[in-house]
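# Descriptive structure summary
As a plain string of letters, each chain reads:
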Amino acid sequence: MKLGKLAELTNSTIERGSPDLEIKSTAGLDLAGEGDITFLANPKYTPQIAATKAAAIYLNEGIAIDRDDIAVLRAKDSYVAYTRAMRLFFPDPELKKFIHPSAVIDGSAKVADDVEIHANAVIGIGCTIASGARIMPNVTIYDYATIGENTTIHSGVSVREHCEIGRNCIIHNNSTIGSDGFGYAKDEDKHWLKIPQTGRVVLEDDVEIGANTAIDCASVGETRIKRGAKIDNLVQIGHSCTVDEDALICSQTGLAGSSVIGKRVILTGQVGIAGHLKIGDDVVMTAKSAISHDVEPGKIMSGIPAFENRDWLRSTAAFRKLGEMASRLRKLEKRVFGDDQ
Amino acid sequence: MKLGKLAELTNSTIERGSPDLEIKSTAGLDLAGEGDITFLANPKYTPQIAATKAAAIYLNEGIAIDRDDIAVLRAKDSYVAYTRAMRLFFPDPELKKFIHPSAVIDGSAKVADDVEIHANAVIGIGCTIASGARIMPNVTIYDYATIGENTTIHSGVSVREHCEIGRNCIIHNNSTIGSDGFGYAKDEDKHWLKIPQTGRVVLEDDVEIGANTAIDCASVGETRIKRGAKIDNLVQIGHSCTVDEDALICSQTGLAGSSVIGKRVILTGQVGIAGHLKIGDDVVMTAKSAISHDVEPGKIMSGIPAFENRDWLRSTAAFRKLGEMASRLRKLEKRVFGDDQ
Amino acid sequence: MKLGKLAELTNSTIERGSPDLEIKSTAGLDLAGEGDITFLANPKYTPQIAATKAAAIYLNEGIAIDRDDIAVLRAKDSYVAYTRAMRLFFPDPELKKFIHPSAVIDGSAKVADDVEIHANAVIGIGCTIASGARIMPNVTIYDYATIGENTTIHSGVSVREHCEIGRNCIIHNNSTIGSDGFGYAKDEDKHWLKIPQTGRVVLEDDVEIGANTAIDCASVGETRIKRGAKIDNLVQIGHSCTVDEDALICSQTGLAGSSVIGKRVILTGQVGIAGHLKIGDDVVMTAKSAISHDVEPGKIMSGIPAFENRDWLRSTAAFRKLGEMASRLRKLEKRVFGDDQ
């Protein structure tokens, strides 16, 4: 691809270099070879610029480099521009229209003409599989589920009855969408009586779900993952939760039932969210933290139970010396109160 | 269903309203419409009674309401009665007797006449599939496993060799029952030598297992989940554990090997139980806690490592101000000891 | 098996007993019956020796027992010797050469003659399945993946495109090898822009992966699990990580991206490792700990965030009384400073 075309497609401008320069691929500063375009986003990698073999580089506005033999593309955010370049050089594979003869598709399912349905996939009664969808091998789509346009369901995934998956979604392998929520009432004999879980899961457009993640259906109504939210591997989303637009939920995090995660919230790894909470927009929960009360928008929270990250940093610093603090306290008491305690 | 019949089937009594009143469905106070029955269990929802459109309501004994245009059913536990009503209005789908032609069933397997075996399920040598069992698509039952009466195995589940699943169990999608325990001996070269895992898993009757959960077989003998225990999504049960009757294990909790979880124990989300422990009956471990010693029956435990919840609440309250405590301690030392420290 | 042969195959020497004594199986001290060989490794089980019915026992050098009616095999490490005996008495089942007719294997795949490919397995374009491999039911091998000699892939596993699995590996059920890493750039509209994940996963020889574990492909290049590493159930390995030889990673532990786990490192249950870290050889992280900086070789680390285990033990002991410490501090302040604070 010509540099000029690349600049245009990645919202950047050529500061140095010919628009006709041929760019072959993308690579990091250290790995880039002839014909590659690279980027500098984190100043810590500036020293690698001296040795890079890249033909071109994305730079943030205002950043200068010491090489004049590299073409320079200016971008508001060099990392975003580079990501767009990667997406151009490594596009999704083209759809091959086919339905493998070993796939088992109920006669009542509405399947668009241009789909990939791979070997041993099973599609139930009344399902809808929209144009451009890819259903990989050994997937199970239960009755009355809907798979939106250009969505990919990877092998081993189960989509339970009545669930609705939007457009341009990706669900990675072995994840479960719409299994029963964990709800029981304790009866007179102290046995657990299962509460019917009659709801479903809705994934809006542009949602990506990692591998081996479980999203429970609502007990009543919907568990909803909104437009553009991204969920990593091994995540638990309990029944009736709402994950709002552009939220990011990292691996092994768990949400108990009925919580609402705000827009652009970032839950890092192994976080726990108790039930029936409201986590405000743009909140960040740091790794392994857990919360059991609502959180105001924009807060950074840490700890078990979580409180403001700034205070938590002070508390954990002190905690490392807590054994010593206890000794010092005893020593003080002895001096102040003597042995009469 | 007539109100009289409903009262009878839910262990409740009509206090007000005609036994012939027709009830169509169940719904929460806020969502209930004409013909619905609802319930009040938590006093915090009492204000919703004024606006509910429900035709009838389950109330605990001794609770009065301000409306006389709603039929009232009295129950010892209104939530249990309502759950029973839900189960009547949302029963499991009726069994359709069929074996899908794409299912692969070894000739030596004993399969009852009235079962559902869905597409692409695979059933091994010497298996037993009892009456009323549902084996959903893409399930794998390894050799010599047994599936009990009226048990449902959801798509993507693997049941390993010799495992035994009781009656009225549900195993949700993509869970693994009976994979090898994690056992190795370190040899002379500091390599890990795999210890054969020769045991199996037994699920007794009325056990429910969530999605993407892993229950390892015993190294020798049995990992056993007893009658009525309920296990959520993404839970790890290590080799040779016993989970006793009516225990409740929430999502992302993990048990290392050989531990015994007592009757009615509640392990909430993301709890960790070390190996070879005995957790007494009716213990509750709060979210994200971890324990490495035995726990007496009835205790509520919290923290990492866990101690009694009441003390933990005090400790965590103080922890939020630990940075400040450290400053105050230094200030005291300076006053008491001067600068000669 | 004759005792003499058993001694030879388990690197041990007969101290007492006839080389012709017939040994039938292995069992722990308490369960051993006639003809069994047992072992004593942990002195805490010494009392069980009085009652054991075993015919022979492995003992560490220098350990004496009070029974002279049991054959004694001396070993440098009795547990390793016993493990070797177990492996002799409970060998892997013999390979049955077959390809089930329901398996779907692309014509371009290179499949060795002596393999087991079970029902409904799906093998993609350009794959290589080496001699002695077992592909269990409902497995999906994506295009251009390689499965090494004598490796077993259990049911429900997905191996993504271009991944390479070495020799003598075991991957337990429903695990995912090579799904996309969790990488996004935030665009001008605060939406997440997916970064193409173009790399793959390599498992070297003798690696074992538990059930329902997810190992992401590298964003560029390789996520690599080196020779002899063992990974338990429900573990998350982020994109571009390296797990070095003989590392042991227990259940529900998670690694964010690009971290390097050293040789023989032990990560116990529910541990969290942040991104871009180097965990030195022989480090041990105790259960539920989390680290966000590099760790020197040989350290034992605990806590969130983790610090040296010895200090952590002191800190957690003091933490249990932190509420009381806060009261004592207030009392001291009152005495020292009076009410003028």
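Residues numbered from 1 in each chain as written. Chains lettered and ligands numbered in written order. Predicted model: local features only at pLDDT ≥ 70, side-chain atom pairs only at ≥ 80, totals over all residues. Heavy atoms only, no water.

Per the secondary structure count, chain A includes four helices and 38 strands. The globule rule puts the C-alpha radius of gyration for 341 residues at 20 Å, and the 26 Å found for chain A is more than 25% above it. With the C-alpha coordinates of chain A rotated into their principal frame, the extents come out at 90 × 65 × 30 Å. A total of 341 residues make up chain A; the buried ones form 60% of that total. (Helix = DSSP H or I, 4+ residues; strand = E, 2+ residues; numbered from the N terminus. Rg over C-alpha atoms; globule rule 2.2 N^0.38 Å. Buried < 20%, exposed > 50% of the residue type's maximum accessible area, 1.4 Å probe, protein only.)

Moving on to the interface of chain C and chain B. Facing 64 residues of chain C, the contacting portion of chain B comprises 68 residues. Buried surface at the junction of chain C and chain B, both sides included, amounts to about 5,200 Å², of which 61% is carbon and sulfur. The three residues of chain C that bury the most area against chain B are Lys-288, Phe-319 and Arg-320 of chain C, which together make up 12% of that side's buried surface. Scanning the region where chain C abuts chain B turns up three salt bridges. A salt bridge links Glu-188 of chain B to Arg-84 of chain C, with the shortest nitrogen-to-oxygen separation between them at 3.2 Å. Taken together, chain C and chain B are joined by 40 residue pairs in polar contact (both at pLDDT 80 or more). (Contact = heavy atoms within 4.5 Å. Buried area = accessible area lost by both parts, 1.4 Å probe. Salt bridge = Lys/Arg side-chain N within 4 Å of Asp/Glu carboxyl O. Polar contact = N/O pair within 3.5 Å; in protein donor to acceptor, adjacent residues only side chain to side chain.)

Moving on, we get to the interface of chain A and chain B. On the chain B side, the residues contacting the 68 residues of chain A number 64 residues. Carbon and sulfur atoms make up 61% of the area that chain A and chain B hide from each other, which totals about 5,200 Å². Sorting the residues of chain A by area buried against chain B places Phe-182, Trp-192 and Leu-332 of chain A first, and these three jointly supply 14% of that buried surface. At the junction of chain A with chain B, the criterion picks out three salt bridges. For Glu-208 of chain B, the salt bridge is made with Lys-194 of chain A, and the minimal N-O distance between the two is 2.8 Å.

What follows deals with the relation of the copies chain A and chain B. In screw terms, the move from chain A to chain B is a rotation of 120° and a rise of 0.0 Å along the axis, fitting with an RMSD of 0.1 Å. Taken together, the rotation and translation describe the operation of a three-fold axis. (Least-squares fit on C-alpha atoms with pLDDT ≥ 70 in both.)

The next point concerns the packing of aromatic side chains. Counted under the stated rule, the structure contains 17 aromatic pairs over all chains. Taking 5.5 Å as the distance between ring centres and 40° as the angle between the ring planes, the aromatic pair formed by Phe-39 of chain B and Tyr-79 of chain B counts as tilted. Residue Phe-39 of chain B is found in strand E3 (residues 36-40), and its partner Tyr-79 of chain B is found in helix H2 (residues 78-89); the two are separated by 40 residues along the sequence. Seen from the ring of Tyr-142 of chain A, Arg-160 of chain A lies directly overhead, with NZ or CZ sitting 5.1 Å from the centre. (Phe/Tyr/Trp six-rings, centres within 6.5 Å; stacked < 30°, edge-to-face > 60°. Lys NZ or Arg CZ within 6 Å of the ring centre and 35° of its normal.)

To continue, consider the confidence of the model for chain A. The predicted model of chain A has a mean per-residue pLDDT of 96, with 99% of residues at 70 or higher. Across the whole predicted complex the pTM is 0.97, and at the interface the ipTM reaches 0.96. (pLDDT = per-residue confidence, 0-100.)

Let us look at the sheet that holds strand E30 (residues 254-255) of chain B. Each strand in a sheet pairs with its neighbour through backbone hydrogen bonds, running either in the same direction (parallel) or in the opposite one (antiparallel). Residue and element names in this part refer to chain B. Ordered in space as E7-E10-E13-E16-E19-E24-E27-E30-E33-E36, the ten strands form an open sheet in which the pairing is parallel. At either end of the open sheet lies a strand with only one pairing partner, and these are strand E7 (104-105) and strand E36 (290-291). Here strand E13 (residues 140-141) runs beside strand E16 (residues 158-159); their pairing, made up of two bridges, is parallel. Bridge pairing in E16 links Ile-141 to Val-159. (Pairing = 2+ DSSP bridges.)

Once that is clear, we can look at the pattern of salt bridges. Pairs may arise between side chains of opposite charge once their charged atoms sit close together. Residues and elements named next belong to chain B. Inspection of the entire model under this criterion finds 64 salt bridges over all chains. Across the pair Glu-15 and Arg-74 runs a salt bridge whose closest N-O atoms are separated by 2.6 Å. Here Glu-15, found in strand E1 (residues 13-16), pairs with Arg-74, found in strand E5 (residues 71-75); they are 59 residues apart in sequence, far enough to count as distant. The class for Glu-15 is partly exposed, based on a relative accessible area of 48%.

Once that is clear, we can look at unusual backbone geometry. Negative phi is the rule for most residues except glycine; trans is the rule for most peptide bonds. Across the junction of Ile-304 of chain A and Pro-305 of chain A, the peptide omega takes the value -10°, indicating a cis bond. Tracing the sequence through the fold places Pro-305 of chain A in the loop between strand E37 (300-302) and strand E38 (307-308).

Applying the stated criterion across every chain yields a total of five cavities of 30 Å³ or more. Space inside the largest cavity adds up to approximately 440 Å³. Lining the largest cavity are 30 residues, with Ile-304 of chain A, Ile-304 and Phe-319 of chain B together with Ile-304 and Phe-319 of chain C sitting closest to its centre. At the level of secondary structure, the elements contributing two or more residues to the lining of the largest cavity comprise helix H3 (309-319) of chain A, helix H3 (309-319) of chain B together with helix H3 (309-319) of chain C. Of the residues that constitute the lining of the largest cavity, the class distribution is 16 nonpolar, ten polar and four charged. The volume enclosed by the second largest cavity comes to roughly 190 Å³. In this structure, the second largest cavity is lined by 15 residues; those nearest its centre are Gln-252 and Gln-270 of chain A, Gln-252 and Gln-270 of chain B together with Gln-252 of chain C. Residues belonging to the lining of the second largest cavity are distributed by class as follows: six nonpolar, six polar and three charged. (1 Å grid on protein atoms, 1.4 Å probe; cavity = no way out; pocket = protein on both sides within 12 Å on 5 of 7 lines; lining within 4 Å. Points joined across faces, edges and corners; volume = space filled by probe spheres on them. Nonpolar A, V, L, I, M, F, W, Y, C, P; charged D, E, K, R; others polar.)

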